[in-house]
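# Fold and contact review
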Amino acid sequence: MAEYSLEQARDLAEIALSALANDPDDGGHRRRNGLYLGLLSMELSLKAALEKSGMSVHEIRKMSHRLYDLHRTFVDRCSFQYVCDEELPLETGRGAAVRDLRVECSSGYLTFGYLMHASNWPSIATYPNELRYGGKDPVHFEPKLVAELAAKLVAFLDRRFDTLKLDRDANTP
């Protein structure tokens, strides 16, 4: 049985989206929780994909909650199969395709690649600790966009899940 579940990641994204559907006057707690659940969904999605591709749970756990590291490993080392034309053989896609996942709002858009890159910026609240615990409002991206991106990530991985594979180590020539 798998350690990490794409289904659990899907549920977390759906809970985050549902919670963010309305904006109660609660001092920002719902927004913080929605943001946290969206990022947690992304963490579990990436871990489930890495495990399904053949990476050991031990290696995955070494990356802890570091979204950038999980994302980087998936981008660098994973591939998947997809159908381009029903009459042709399956094509191979690279994990880097995940960086182009995009959500939009009236003021702009956010891509998964940009979100992961920004997760290392000192000005962005660190997941999970700076989001889990109270204190001032965290500086981060719009929680609804993050939750929508989490749902898109789950859907992207779900369509390719059974064909994910781990390529050679990115550090090997």
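Refer to the structure above for everything that follows.
The sections below set out a description of the structure shown in this document. Nothing here was measured: the structure is a model prediction, and the numbers come from that model. (Residues numbered from 1 in each chain as written. Predicted model: local features only at pLDDT ≥ 70, side-chain atom pairs only at ≥ 80, totals over all residues. Heavy atoms only, no water.)

### Examining the sheet that holds strand E2 (residues 91–94)
Pairing is antiparallel in the open sheet, where three strands are placed in the order E2-E1-E5. Both outer strands of the open sheet, E2 and strand E5 (165–166), are each paired with one neighbouring strand and no more. (Pairing = 2+ DSSP bridges. Helix = DSSP H or I, 4+ residues; strand = E, 2+ residues; numbered from the N terminus.)

### Some details on the packing of helix H2 (residues 29–53) against helix H7 (residues 143–160)
The N-to-C vectors of H2 and H7 enclose an angle of 20 degrees; their axes lie 8 Å apart at closest approach. Put simply, H2 runs roughly parallel to H7. Regarding H2 and H7, the two cross each other, and that crossing is left-handed. Between H2 and H7, the residues in contact are Arg31, Leu35, Gly38, Leu39, Ser41, Met42, Ser45, Leu46 and Ala49 and Pro143, Val146, Ala147, Leu149, Ala150, Leu153, Val154 and Leu157, respectively. (Axes fitted to C-alpha atoms, helices over the stretch in contact; angles between N-to-C directions. Parallel < 35°, antiparallel > 145°, perpendicular 65-115°, else oblique. Left-handed = near helix turned anticlockwise from the far one by under 90°. Contact = heavy atoms within 4.5 Å.)

### Observations concerning the pairing of strand E4 (residues 108–111)
Here strand E3 (residues 102–105) pairs with E4 via four bridges, running antiparallel. Note on E4: the bridge partner recorded for Val103 is Leu110. Turn length for the E3-E4 hairpin, with the two strands adjacent in sequence and antiparallel, is two residues.

### Considerations on the layout of surface pockets
When its volume is computed, the largest pocket comes out at roughly 170 Å³. Taken together, 15 residues line the largest pocket, and the ones lying closest to its centre are His65, Leu67, Ser119, Thr126 and Tyr127. Among the secondary structure elements, those contributing two or more residues to the lining of the largest pocket are helix H4 (67–77) and helix H5 (112–118). The residue inventory of the lining of the largest pocket, partitioned by class, reads eight nonpolar, six polar and one charged. (1 Å grid on protein atoms, 1.4 Å probe; cavity = no way out; pocket = protein on both sides within 12 Å on 5 of 7 lines; lining within 4 Å. Points joined across faces, edges and corners; volume = space filled by probe spheres on them. Nonpolar A, V, L, I, M, F, W, Y, C, P; charged D, E, K, R; others polar.)

### Here we look at the environment of Leu40
In this fold, Leu40 is placed in helix H2. Taking relative accessible area as the criterion, Leu40 reaches 19% and is therefore assigned buried. Residues Leu40 and Ala16 lie 24 residues apart in sequence; the distance between their C-alpha atoms is 9.9 Å. (Buried < 20%, exposed > 50% of the residue type's maximum accessible area, 1.4 Å probe, protein only.)

Note that every value here comes from positions in space, so none of it alone points to a role or purpose.
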